Each structure stands twice: as structure tokens, then as C-alpha cells.
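# Residue-level structure breakdown
Single-letter residue listing:
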Amino acid sequence: MVNGRLRKTTDPRVRFWRNLKTALTYLVLIGLSCVFLIPFFWMLSTSLTEASKVIVRDREWIPHPFMWSNYYKALTVLPFQLFLKNTLIITICCIIGQTLSASLVAFGFSRMRFPGRNVLFIMVLSTMMLPVQVTQIPTFVIFTHLRWIDTLKPLIVPAFFGGGAFFIFLLRQFFMTIPSELEDAAKIDGCSSLGIYWNVALPLSKPALATVAIFSFMGHWNDFMGPLIYIQSMENKTLALGLNSFRSLHGTEYHLLMAASISVLLPVLIIFFCAQKYFVQGIVLSGIKG
Amino acid sequence: MGKNKLTKRQKVEAVQGFMFISPWMIGFIVFAAGPVIASLVLSFCKWDILTPVQFVGLKNYVKMTNDPLIKKSLTNTLYYASAAIPLGMVGALSTALLLNQKLKGMRLFRTLFYVPSVTAGVATLLLWMLIFNPELGLLNRALRHQIPFTHIPFIADPPKWLGDPHWAMPALIIMALWGVGGGMLIYLAGLQGIPEELYEASLLDGANARQKFWYVTIPLLSPTIFFNLIMSIIGSFQVFNAAFIMTGGGPMDATRFYVLYLFQNAFQYFRMGYASAMAWLLFIIILILTLIQFKIAPKWVHYQ
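Cut-offs and rules
- Residues numbered from 1 in each chain as written.
- Chains lettered and ligands numbered in written order.
- Predicted model: local features only at pLDDT ≥ 70, side-chain atom pairs only at ≥ 80, totals over all residues.
- Helix = DSSP H or I, 4+ residues; strand = E, 2+ residues; numbered from the N terminus.
- Rg over C-alpha atoms; globule rule 2.2 N^0.38 Å.
- Buried ≥ 20, exposed ≤ 12 C-beta atoms within 10 Å, placed from the backbone.
- Contact = placed C-beta atoms within 7 Å.
- Core = buried A, V, L, I, M, F, W, Y, C linked by C-beta atoms within 7 Å.
- Domains from an automatic or database assignment.
- Nonpolar A, V, L, I, M, F, W, Y, C, P; charged D, E, K, R; others polar.
- Axes fitted to C-alpha atoms, helices over the stretch in contact; angles between N-to-C directions.
- Parallel < 35°, antiparallel > 145°, perpendicular 65-115°, else oblique.
- Left-handed = near helix turned anticlockwise from the far one by under 90°.
- pLDDT = per-residue confidence, 0-100.
- Expected span 1.5 Å × (residues − 1).
- Arc of directions from axis to C-beta.

## Overview of the overall build of chain B
A tally of regular secondary structure across chain B gives 13 helices and two strands. What you see for chain B is a C-alpha radius of gyration of 24 Å, clearly larger than the 19 Å of a compact globule of 304 residues, by over 25%. Each of the three principal axes of chain B carries a C-alpha extent, and together these read 70 × 60 × 30 Å. Per-residue burial for chain B yields a buried fraction of 38% across its 304 residues. Residue pairs in contact within chain B that sit at least 24 positions apart in sequence constitute 67% of those at least 6 positions apart.

The following block contains the structure:
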């Protein structure tokens, strides 16, 4: 209400400054977008360049002619459909596993009291502080004993056990900001802890959950090290491994690498664009007044 | 906690609390604890991956104190962290504030700003090497451009970037700023949690834009800022990929980061024990920095 009254002013001078501010904002937005997109443009232009013209001095930004066939070649030279299937299985499982288990664990750390909570939480964080380079070999040994090597399991199953410290910490920060009045009200209504988690904490943290889902999607869609270490046979390979074969097969075929990279990247951008409808302002506190 | 007995209700809550965090606890015990302990044990051993493990006591840790590259790589990492953390935090927050305005087409702009974070990978790092190329690179070609209406170039002799020991690190820091999209996204999510009523109330109290920023936005965003701060500390102390692919630690060790040197010890010189000892030293450093932040946090992080 208040907002509406303050905004709908007819004073031309106020309107002028407001329009100027909007115009300047757009200018900054467009300028920064261009700067941010330079590497992407270069990628796009490489992906449409003829193979023989990729590595030459002063290459043109806009290739001539557009080699759309690069895309056809890049996506047919290897069984990308198979890679896509594997990547989809891993990515979908991990998104579900990580959002679900990280939110459960984060709820425990933010809304429940139990002895040793703070020490355990520092332990959660400390799992990110030891460089992975020294735990890689012992982890590989564990998965060997489980007979999970060359299956998708090492890439999927851990996601269901806490979903990683990054997501636990992120969701904890968001759950901590939920007013205790809401929790108390739910308790009075006879809500169990699990009910509060499901009916109060999750709906109020949609932007954070969307962020977790986006990061999880991106992380597993692009994950290169995981599949590289645990997958050997062609039928279990993922898109990221497929992309890498353009580097190793016969030297780097930049035009094909970039064409395949762009094809792999587009779904991520589309999902990101769509996921933004969950970024709606002011949902946390607006439920309670006074 | 064991000093005073818990009431029945507290006991129920404690049991439920452990149930909530049990997925993490099981995962930690099954997948993480073993490798963590193994690396700790290895830090007191000599192991070249091929021959059997040999116990050497504190030798690896003593050797670290005499290794000039440890000091050099730690200094490099500190240099990188002290620039990349504040620049990244401010950069991510400003872009998030810019993109949090209610204007047409904002969804598109958010996506565009996020593109560099999605493209992050080996392909992009190779691309950056071309951009930083001293002679043909995009960046120096732009810097050598003539100022309009004169024949004087902006900068006649631009730095050699990755080829120059003084400029290699700034180059990597500039590049890191391209990845502010991740932090920006988290800030955006945090900004959604700030109720509009609070801004309206502050408007009625006659707050100007600066006051709104310092007295509404920053305090309510503090849990998110805290998260990004801790993550940047943990992340930038383990910076590795860029140097590994683009510089290999050079020129003249200028970009030999701690974790890069650790990796080289582990998988190039096959000194797995030494690498493990290095990992645990870094672990202690990051842990102390994190604990300090958690101690200071109650002074500026507001959860409700």
C-alpha cells in the first residue's frame, strides 16, 4: 500500500530522475553482460569456425562461413545419446539426493538442540578443509572394496548421505533465519519436527533450495574428475568425459570441443533461466504480522 | 553438556536431532572417515604409491620447515586469498544487488551474468590463456588500442600477464572475478528472504538509500554474507585448477599455490606422505581461520 502511494508520483522532475536511473541501470547491466560474455562469444565463434581456420593469427570474431556442420560432427562422432542418458541418471539422482538429505541434515543443525551439535557442525565444515588430493586414493580403495568401480554408484550414492558440507551449511544459514514464532505456531498446531521441516522450513526456503538444485545440477552435469576416476567402459561414460575426448583423440580439435561444450552448456542455462521463478522476494516473513 | 541431566522433552529433541543429521553421520563414517584417517596416518609415513608404506614419525613435518617452496607457496596462496576474497565478496554482492531490482528482462540478465560460472572448466581456462597471450591476446590488443583522435595507445607496453612473475597473480585474480556468478546467486537467494515490509517501514522512517543498505540489507543478509565468507576462505586457500592448467606454477614460482605444490608432491614426485603432511598443515590453517570467524560471527551475523 505504502509502496504504491510513494511510487505513483506525477511530479515530472521525480519521474525524470527515476527514468534516468532506470536507463543508467540498463546501461550498466548491458555493459557488464558484454564483459562477462566475452569468453562465451569466443567459444561460440570458435565452434562455428572451419577446422583449418581455428588457430590463426587475428582470427575473425564472426566466422565466415558459419560451420553448423561442426555441431553435427561433434555430436555424432561419439555416442552422445548414451553419455546423455548416463549424465541424466547421475544428475537427477544427485539433485534429489542432495536437496533432500542436505535439507534434512541442515534442519537438524539449525532447528534442533542436541549435545555436541556445534562440534559436529564444525566437523561437517572440516570435511571441506582437507585437500581432496590426499583422500582420493583411499576413497578409491573403499569403492574398489564395494565393487563399485566402473558403475555409476560412486557418483550417485554419496549424494544421499548428507549431500556435502557446502549444501548443508548453505541451507543451515537459511533455516536459521526462520522466525521461531512460526515454528512455535506449528508446534501448537500439533506439528512434529518432521512436519515443521516439510511444511514450514522447506516452503520458506524455496530460493535457497532452488540454489542448491542449480548448483547440484551444474556440479554433476559438468563433473569431470569423478567420472574420470571411477568410470572406464564406454557404456558408462558421461558428457563431461565425452567432451574431454576431443582433447585427447587426435590433438585438440578446438572447433568440435567448443561446439560440443556449447551443446552441453545450453541445458544448464535453460534450467537456470526457468528455475528463477522460485526467486521471489519477501516470502519468509510476510506470513506473520506484528 | 553432560553436566546437567536433560529433561524428557530435551531428550526427545536430542534423539530427533541426531535422526535428522544421521544421513550425514552415516555418510561420513562410511565414505569420509576412512580416507581422512588414512591421510593422517600417511602424513607420518613415507610412501611412493608403489612400494610398501614406511613409518617415519615426524620427519615429513620437520622437512616442511626447511622447504623453501612451502614458504613460497604459502605466501602465494595468502596473496591470492587476500585479494580474491574481498574482491569476490564485494563483486558478488554488488552484482546481486544490481540484479535484484524489479526491472523488465531481469531474468535474462541474471542468466547472462551466470554464464561464466557455467562455462567454468578446462575449455574456459584454455580460452583465458589465449586472452592473456602477451602478443596476440584479446586483452593486450585492447590495451594497445589508440586513444580516440590521437596516435597514442592507451598503454604502449602492456604487461606480459601469465609470462611475467609480477603480473601472473593479478591475471589469475582478474580471471577469478569472472566467476562471481556463484556467490551472486547465493546472495540473490538471500535477498529474496528480506521482507519488503522492512524496506517500506524504513522508507516511512525517512531512511535514505545508504541507510537502507547498512541498516536493513546488510544485517538481514548477514547469514548469507557469513556463508560466502567461510566458503571463500576454504575455497581460495585450496586454489588449484587455474594454476595447474594455465601456468604450472610459473613463472619463477609466482603462481605455485600451496595445493598445486601438494599435488606435484603427491602425483609427480610420488611423495604421498609428504603431501599428506602438507594437507594436514593446510587443514589446520583453514580450520583456525574458520573457527576465528565463527567466534567473531555473533557480533555481526543476525539470524532473526
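## Remarks on the overall build of chain A
Of regular secondary structure, chain A possesses 14 helices and zero strands. Ordering the α and β elements of chain A from the N terminus gives α-α-α-α-α-α-α-α-α-α-α-α-α-α. Scaling as 2.2 N^0.38, a compact globule of 290 residues should have a C-alpha radius of gyration of about 19 Å, whereas chain A reaches 25 Å, well beyond that. The principal-axis extents of the C-alpha atoms in chain A amount to approximately 70 × 70 × 30 Å.

## A closer look at the nonpolar core
All names here are of chain A. Among the nonpolar cores identified, the biggest contains 144 residues, and Ile168 and Leu171 are the most heavily contacted of them. When residues in this core are grouped by element, the largest group, eleven residues, is from helix α14 (residues 254–275). Two domains share this core, each providing at least three of its residues, namely domain 1 (2–72) and domain 2 (74–278).

## A few points about the interface of chain A and chain B
Chain A puts 78 residues into the contact, and the matching count from chain B is 72 residues. Every element with two or more residues in the side of chain A that touches chain B is listed here: α1 (2–7), α2 (12–47), α4 (80–111), α5 (117–126), α6 (136–145), α8 (165–176), α11 (206–222) and α14 of chain A. Here the side of chain A that touches chain B is composed, by residue class, of 53 nonpolar, 23 polar and two charged.

## Looking at the packing of α2(A) against α14(A)
Residues and elements named next belong to chain A. At their nearest, the axes of α2 and α14 sit 7 Å apart, and the two run at 120° to each other. On the basis of their axis angle, the class for α2 and α14 is oblique. Crossing of α2 against α14: the hand is left-handed. Between α2, through Met43, Leu44, Thr46 and Ser47, and α14, the contact on the second element is made entirely by Tyr254, His255, Met258, Ala259, Ser261 and Ile262. Here the residues of the contact of α2 with α14 sort into six nonpolar, four polar and no charged.

## With respect to the confidence of the model for chain B
Residues and elements named next belong to chain B. Scored by pLDDT, chain B comes out at a mean of 89, with 98% of its residues at no less than 70. Across chain B, the element-wise mean pLDDT spans from 79 in helix α5 (residues 122–132) up to 95 in helix α13 (residues 272–296). With pTM at 0.89, the complex prediction returns an ipTM value of 0.90.

## Looking at unusual backbone geometry
Residues and elements named next belong to chain B. Its identity as a non-glycine residue notwithstanding, isoleucine 49 has a phi of 75°, on the positive side. Relative to the helices and strands, isoleucine 49 resides in the loop between β1 (45–46) and β2 (54–55). For isoleucine 49, a count of 11 C-beta atoms within 10 Å puts it in the exposed group. Of note in the backbone geometry, tryptophan 161 takes a positive phi value of approximately 45° without being a glycine. According to the C-beta neighbour criterion, tryptophan 161 is buried, with 22 such atoms within 10 Å.

## A closer look at the domain arrangement of chain A
Residue and element names in this part refer to chain A. Looking at the assigned domains, one finds that chain A contains domain 1 (2–72) and domain 2 (74–278). Inter-centroid distance (C-alpha atoms) of domain 1 to domain 2 is 30 Å. Listed by partner, the interface residues are ten residues for domain 1 and eleven residues for domain 2. Those elements that place two or more of their residues in the side of domain 1 that touches domain 2 are α2 and α3 (69–76). Among the elements that make up the side of domain 1 that touches domain 2, the one with the highest residue count is α2 (four residues).

## Comments concerning helix α10 (residues 193–204) of chain A
The terminal C-alpha atoms of α10(A) lie 15 Å apart, and with twelve residues this matches the ideal 16 Å at 1.5 Å per residue to within 8%. When α10(A) is considered as a whole, its buried residues turn out to be A:Ser193, A:Ile196, A:Tyr197, A:Val200, A:Ala201 and A:Leu204. One side of α10(A) holds all its buried residues, which, seen down the axis, span an arc of 125°. In the core, the buried residues of α10(A) are packed alongside α4, α8 and α9 (180–188) of chain A together with α1 (8–42) of chain B.

## Thoughts on the environment of B:Ile173
Residue and element names in this part refer to chain B. Residue position: isoleucine 173 is located in helix α7 (residues 168–177). On the neighbour-count criterion, isoleucine 173 (19 C-beta atoms within 10 Å) is partly exposed. In this structure, the C-alpha to C-alpha distance between isoleucine 173 and aspartate 205, residues 32 residues apart in sequence, is 41 Å. Ignoring sequence-local partners within four residues, the contact set of isoleucine 173 consists of Tyr80, Ala83, Ala84 and Leu87.

## What to know about the packing of helix α8 (residues 181–192) of chain B against helix α10 (residues 209–236) of chain B
Residues and elements named next belong to chain B. The geometry of α8 relative to α10 is characterised by a closest axis approach of 9 Å and an angle of 160° between their N-to-C directions. The orientation of α8 relative to α10 falls into the category roughly antiparallel. For the pair α8 and α10, the crossing hand works out as right-handed. In this structure, α8 contributes Gly183, Ile186, Tyr187, Gly190 and Leu191 to the contact, and α10 contributes Leu221, Thr224, Phe227 and Asn228. When its residues are assigned to classes, the contact of α8 with α10 shows five nonpolar, four polar and no charged.

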